[in-house]
Amino acid sequence: MLRNTIYEGEGHMNLGDKVNVFETEVVKNVKDRFSKGFKGVKILIFLVVALIVLLTLNPFVIIGAGERGVLLNFGAVQPNVYGEGLHLRVPIMQKIIKVDVKVHKSQTDAESVSKDLQDTRSTIAVNYHILPEKANWIYQNIGTAYKERIIDPAVQEVVKAI
């Protein structure tokens, strides 16, 4: 019994008890280190998942030079027209449609009959653009095919009137 006992002052501690105390302290230190490490890993995983969700929903819209953005809330056209630059939108609720407001050239071939009943063929070129502040009205009332719906028929009508 004396072989397994270590004397320390007044009290004594069995060698087996001392080993058990050492093992529990080592296990506690290892658990503390792993739990601190796992907290960092948990935070990193959360940030990565949040970034993936943010990029998937795409809340940012960039409107380029010569464009305007028409804001739709659940499909309803809003009075706001966004200018060039970076804009924030609510991902599921809002959608921004880009409308080109630069000057475009429409070239149309037209045939008509003159007053003295001679056939005439001509190519008409028209430069046009959308007023930037009216982009939402154009999108709501005419749509994106305004050239085919407005410009080309107007040119044909003017040529026939000549």
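Keep in mind that what you see is a predicted model, and the values were worked out from it rather than measured.

Calculation criteria
Residues numbered from 1 in each chain as written. Predicted model: local features only at pLDDT ≥ 70, side-chain atom pairs only at ≥ 80, totals over all residues. Heavy atoms only, no water. Helix = DSSP H or I, 4+ residues; strand = E, 2+ residues; numbered from the N terminus. Buried < 20%, exposed > 50% of the residue type's maximum accessible area, 1.4 Å probe, protein only. Contact = heavy atoms within 4.5 Å. Areas by Shrake-Rupley, 256 points an atom, 1.4 Å probe, with all protein chains shown as cover. Pairing = 2+ DSSP bridges. Axes fitted to C-alpha atoms, helices over the stretch in contact; angles between N-to-C directions. Phe/Tyr/Trp six-rings, centres within 6.5 Å; stacked < 30°, edge-to-face > 60°. Core = buried A, V, L, I, M, F, W, Y, C linked by side-chain atoms within 4.5 Å. Expected span 1.5 Å × (residues − 1). pLDDT = per-residue confidence, 0-100.

Peer 1: Which residues make up the overall build of the protein chain, and what values go with them?
Peer 2: Along the protein chain, the regular secondary structure elements total three helices and nine strands. Taken from N to C terminus, the helices and strands of the protein chain fall in the order β-β-α-β-β-β-β-β-β-β-α-α. For the protein chain, with 162 residues in total, the buried portion stands at 22%. Of the contacts made within the protein chain by residues no fewer than 6 positions apart, 53% connect residues no fewer than 24 positions apart. Accessible surface for the protein chain amounts to roughly 12,600 Å². Of this, 61% is attributable to carbon and sulfur atoms.

Peer 1: Got a sec to walk through the sheet that holds strand 5 (residues 76-82)? Specific residues and values, please.
Peer 2: The strand order across the open sheet formed by three strands is 5-4-7, and the pairing between neighbours is antiparallel. Every interior strand has two partners, whereas the edge strands, strand 5 and strand 7 (94-100), have only one. Between one strand axis and the next, the sheet turns through 30 degrees on average, direction left out of account. Bridge analysis of strand 4 (residues 67-73) against strand 7 gives seven bridges, and the strand direction is antiparallel. Bridge pairing in strand 7 places L71 opposite I96.

Peer 1: Tell me about the packing of aromatic side chains, residues and numbers included.
Peer 2: Enumeration according to the criterion identifies one aromatic pair in this entry. On the basis of an interplanar angle of 80 degrees and a centroid distance of 6.3 Å, the ring pair of Y128 and Y146 is categorised as edge-to-face. One end of the pair, Y128, is in strand 9 (residues 119-128); the other, Y146, is in helix 3 (residues 146-161), with 18 residues separating them in the sequence. You'll find Y128 and Y146 in the same group, each marked buried.

Peer 1: Which residues make up the nonpolar core, and what values do they have?
Peer 2: Ranked by internal contacts, the top residues of the largest apolar core, which has 15 residues, are V70, V99, I130, I138 and Y146. Those elements that provide at least two residues to this core are strand 4, strand 7, helix 2 (135-141) and helix 3. Here the element with the most residues in this core is helix 3; it accounts for four residues. Counting residues in each nonpolar core, the second largest holds five residues, with I63, L71, Y82 and I96 among its members.

Peer 1: Which residues make up helix 3, and what are the values?
Peer 2: Here helix 3 contains 16 residues, and its C-alpha end-to-end distance of 22 Å stays within 8% of the 22 Å for a straight helix at 1.5 Å per residue. Listing the buried residues of helix 3 in full gives Y146, I151, D152, V155 and V159. Buried positions along helix 3 lie against strand 7, strand 8 (104-113), strand 9 and helix 2.

Peer 1: Kindly report on the side chain of T108, identifying the contributing residues and their values.
Peer 2: Checked against the element boundaries, T108 lands in strand 8. A relative accessible area of 10% places T108 in the buried class. Leave out the neighbours within four places in its chain, and T108 touches S122, T123, I124, D152, V155 and Q156.

Peer 1: Talk me through the environment of T120; I want residue IDs and the actual numbers.
Peer 2: With respect to the helices and strands, T120 occurs in strand 9. Taking relative accessible area as the criterion, T120 reaches 32% and is therefore assigned partly exposed. Sequence spacing of T120 and V159 is 39 residues, and the spatial spacing of their C-alpha atoms is 9.8 Å. Beyond its immediate stretch of four places on either side in the chain, T120 contacts A110, E111, S112, V113 and S114.

Peer 1: Give a detailed account of the confidence of the model for the protein chain, specifying residues and quantitative values.
Peer 2: In the predicted model, the protein chain carries a mean pLDDT of 82, and 78% of its residues have values of at least 70. Across the protein chain, element-level confidence peaks in strand 4 with a mean pLDDT of 96 and bottoms out in strand 1 (residues 5-8) with 48. Within the model, pLDDT remains below 50 along residues 1-8, and this stretch shows 10 contacts once partners closer than five positions in the same chain are excluded.

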